[in-house]
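The residues making up each chain are set out below.
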Amino acid sequence: MSGAAALRLETAELPPQAEALRRELRAFVAEERAAGRLTDPTGFGMGFSPEMSRRIAERGWIAMTWPKQWGGHERSALERYVMMEELLAAAVPVGAHWVADRQSGPVILRFGNDRQRAEHLPAIARGERYFCIGMSEPSSGSDLASIRSRGDKVPGGWRLNGHKLWTTNAHRAHFMISLFRTTRGLDSKHAGLSQFIIPLNSAGVTVKPVISMAGEHDFNEVFFDDVFVEDDAMVGAEGNGWNQVSAELAYERSGPERWLSAFRLLAVVVEALGSDADREARQEVARLASHMLTLRRLSISVAAMLHAGLSPSVPAAMVKDLGTRLEQETVNRMRDLALKNGLTAPVLAELLQSGLLWSPAFTIRGGTGEILRGVIAKGMGLR
Ligand SMILES: Cc1cc2nc3c(=O)[nH]c(=O)nc-3n(C[C@H](O)[C@H](O)[C@H](O)COP(=O)(O)OP(=O)(O)OC[C@H]3O[C@@H](n4cnc5c(N)ncnc54)[C@H](O)[C@@H]3O)c2cc1C
């Protein structure tokens, strides 16, 4: 896909069954609140609750689009979209299973073999198995193809050595899908990369916390010292790692999590402003809401393209870049409105503080804004 074709998007509408599902999700959220299992969040993180992940799995809301053969529910990507919207907008703690459901499972489904599918997918679908993403390294973030962690062939498997950084939830996940250089000395740095599924309790794996600016332990650095994995730990063909991570990033970049983390703050401020908010406050909220609705349409169209088996990397990059900048703007504008209007709603101060400390990360994680705009320009044939 190149030039204007890279940007062509069919407008997708949510089907009636997606709206029926929305009612089920809202009823679930209301039940969880009534039972005291869901409290108002005071922070911007996704939360991590294995109990909640299992309850969500019991409803069939993990692995929604995967084949039944592998524990999935064979529903549409648009129904899955509604699930994400409702759980994120209600700030349900979904962080335990999120990465496995969003990208590790789909990578295994698309590039893995049947043994790997049987081993991992049903456990992910039950909300019992969590994954993390091992891409970035100390001097390889944006320039991911420059990674130095390496895999060397040994009888029966591979020996892995290296160092990953910023690995969200490596201290709580069971497995990592990680990128290693398995052939060195090739002309292209994009060649010779391969992905492995690594149990995080393997001998030689060390996970060390990295505390974020918000004072939270979400990401880590992970060291691999002569870690042995069997041949069957490799996902896809040897050397195909770059194609696989590129496909994976489209799942990571286009979803509603790219702007809905600030939604809760917007909702709290709107509630606190009440019906007698002044004209300026109304205009500000309306402007942000209209931007969110536009992004939502774009993101739904990308979900429809993924469902159709396409790889919409350019529109996905647009969703991520526009979404994360809007998210940062929402935090700043809500802070201004709260100060100007002397708002003092419960949890507002904590949410604002957490938002300010988290917001620099929005435009970094999953690919920085500069890199995404490069992807868009390239896709449009502009560079
Ligand atoms: C909250 C959070 C969670 C994360 N979770 C994970 C995870 O689970 N797994 C994982 O693998 N990684 C994770 N990351 C890492 C993230 O993907 C990287 O931080 C990101 O890709 C940027 O890499 P870097 O930090 O090395 O910055 P660098 O690549 O060093 O970039 C520094 C600056 O230079 C700019 N820059 C770099 N190259 C170019 C260029 N060619 N043109 C223009 N500007 C450029 C960048 O935009 C940026 O502003 C996470 C990051 C955050 C903040």
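Note that the coordinates shown come from a computational prediction; the quantities given were computed from them, not determined experimentally.

## A word on unusual backbone geometry
No. 1: Unlike most non-glycine residues, Ala63 shows phi in positive territory, near 60°.
No. 2: Relative to the helices and strands, Ala63 is located in the loop between α2 (50-58) and α3 (77-89).
No. 3: Using a relative accessible area of 0% as the deciding quantity, one classes Ala63 as buried.
No. 4: A positive phi is found at Glu74, a non-glycine position, where the angle reads about 50°.
No. 5: As for its placement among the helices and strands, Glu74 is situated in the loop between α2 and α3.
No. 6: The class of Glu74 is partly exposed, set by a relative accessible area of 49%.

## A closer look at the side chain of Glu79
No. 1: Within the element layout of this structure, Glu79 appears in helix α3.
No. 2: Judged by its relative accessible area of 7%, Glu79 is buried.
No. 3: In this view, Glu79 contacts Gln17, Ala18, Leu21 and Met64; residues no more than four positions away in its chain are not counted.

## Considering the layout of surface pockets
No. 1: Reported here for the second largest pocket is a volume of approximately 510 Å³.
No. 2: Thr65, Ala77, Tyr251, Leu306 and His307 are, among the 22 residues lining the second largest pocket, the residues nearest its centre.
No. 3: Sorting the residues of the lining of the second largest pocket by element identifies α3, α4 (95-111) and α9 (279-307) as the ones contributing at least two each.
No. 4: At 5 residues, α4 tops the list of elements feeding residues into the lining of the second largest pocket.
No. 5: Here the lining of the second largest pocket is built from residues that sort into 11 nonpolar, 6 polar and 5 charged.
No. 6: Among the domains, domain 1 (13-129) and domain 3 (254-379) are the pair contributing at least three residues each to the lining of the second largest pocket.

## Comments concerning the site of the ligand
No. 1: Taken together, 16 residues surround the ligand, and among them Ser136, Ser142, Trp166, Thr368 and Glu370 come closest.
No. 2: Here Met135 contributes a backbone N or O atom positioned 3.0 Å from an oxygen atom of the ligand.
No. 3: With respect to the ligand, the side chain of Thr368 contributes an N or O atom lying 2.6 Å from an oxygen atom.
No. 4: Contact with the protein chains removes 63% of the 970 Å² of surface that the ligand exposes when unbound.
No. 5: A per-class count over the shell around the ligand returns 7 nonpolar, 7 polar and 2 charged.
No. 6: Domain assignment of the residues forming the shell around the ligand places at least three in each of domain 2 (133-239) and domain 3 (254-379).

## Some points on the domain arrangement of the protein chain
No. 1: Along its sequence, the protein chain is organised into domain 1 (13-129), domain 2 (133-239) and domain 3 (254-379).
No. 2: Using only C-alpha atoms to locate each centre, domain 2 and domain 3 end up separated by 31 Å.
No. 3: The interface is formed by 5 residues belonging to domain 2 together with 5 residues belonging to domain 3.
No. 4: Here domain 2 and domain 3 share an interface that buries about 450 Å² over both sides, 68% of which is from carbon and sulfur atoms.
No. 5: Among the residues of domain 2 in contact with domain 3, Ser142, Met213 and Ala214 are the three that bury the most area, contributing 76% of the side total.
No. 6: Summed over the shared surface of domain 2 and domain 3, the result is 0 salt bridges.
No. 7: Linking domain 2 to domain 3 there are 0 residue pairs in polar contact (both at pLDDT 80 or more).
No. 8: Among the residues making up the side of domain 2 that touches domain 3, the classes are represented as 2 nonpolar, 1 polar and 2 charged.

## With respect to the nonpolar core
Side chains of a nonpolar character, in soluble globular proteins, are inclined to be buried together.
No. 1: Formed by 74 residues in total, the largest nonpolar core has its most connected members in Ile56, Leu87, Val92, Phe131 and Leu265.
No. 2: Top element by residues in this core is α9. It accounts for 9 residues.
No. 3: For Leu265, the contacting residues outside a window of four places in its chain are Phe44, Val331, Met334, Leu348, Leu351 and Leu352.
No. 4: Of all hydrophobic cores here, the second largest spans 19 residues; its members include Trp158, Met176, Phe180 and Val205.

## What to know about the pattern of salt bridges
Pairing between side chains becomes possible if they bear opposite charge and their charged atoms approach one another.
No. 1: This structure, assessed with the given rule, holds 33 salt bridges.
No. 2: One salt bridge in this structure joins Glu32 and Arg37, with 3.1 Å as the shortest N-O distance.
No. 3: Classification of Arg37 as partly exposed rests on a relative accessible area of 43%.
No. 4: Salt-bridge contacts for Arg172 lead to Asp218; the nearest nitrogen and oxygen are separated by 3.3 Å. Within this pair, whereas Arg172 is found in the loop between β3 (157-165) and β4 (175-181), its partner Asp218 is found in strand β7 (residues 217-230), the two being separated by 46 residues in sequence.
No. 5: Through salt bridges with shared partners, a single ionic network connects Glu19, Arg22, Arg26, Glu85, Glu86 and Arg296.

## Topic: the packing of aromatic side chains
Remark: the centre distance and the inter-plane angle together describe each pair of aromatic rings, the angle taken between the planes.
No. 1: For the structure shown, the criterion picks out 8 aromatic pairs.
No. 2: Relative to Trp61, the ring of Phe28 lies with its centre 5.3 Å away and its plane at 85°, an arrangement referred to as edge-to-face. Taken as a pair, Phe28 in helix α1 (residues 16-34) and Trp61 in the loop between α2 and α3 lie far apart in primary sequence, 33 residues in all.
No. 3: For Phe28, a relative accessible area of 1% gives the class buried.
No. 4: Since its relative accessible area comes to 1%, Trp61 is described here as buried.
No. 5: Grouped by ring-pair contacts, the aromatic residues Trp158, Phe180, Phe196 and Phe224 constitute a single cluster.
No. 6: Residue placement shows Lys164 over the ring face of Phe180; its charged tip is 5.5 Å from the ring centre.
No. 7: Arg172 extends its terminal NZ or CZ atom over the ring of Phe48, reaching a point 4.5 Å from the ring centre.

Cut-offs and rules
- Residues numbered from 1 in each chain as written.
- Predicted model: local features only at pLDDT ≥ 70, side-chain atom pairs only at ≥ 80, totals over all residues.
- Heavy atoms only, no water.
- Helix = DSSP H or I, 4+ residues; strand = E, 2+ residues; numbered from the N terminus.
- Buried < 20%, exposed > 50% of the residue type's maximum accessible area, 1.4 Å probe, protein only.
- Contact = heavy atoms within 4.5 Å.
- 1 Å grid on protein atoms, 1.4 Å probe; cavity = no way out; pocket = protein on both sides within 12 Å on 5 of 7 lines; lining within 4 Å.
- Points joined across faces, edges and corners; volume = space filled by probe spheres on them.
- Nonpolar A, V, L, I, M, F, W, Y, C, P; charged D, E, K, R; others polar.
- Domains from an automatic or database assignment.
- Near = heavy atom within 4 Å.
- Polar contact = N/O pair within 3.5 Å; in protein donor to acceptor, adjacent residues only side chain to side chain.
- Areas by Shrake-Rupley, 256 points an atom, 1.4 Å probe, with all protein chains shown as cover.
- Buried area = accessible area lost by both parts, 1.4 Å probe.
- Salt bridge = Lys/Arg side-chain N within 4 Å of Asp/Glu carboxyl O.
- Core = buried A, V, L, I, M, F, W, Y, C linked by side-chain atoms within 4.5 Å.
- Phe/Tyr/Trp six-rings, centres within 6.5 Å; stacked < 30°, edge-to-face > 60°.
- Lys NZ or Arg CZ within 6 Å of the ring centre and 35° of its normal.

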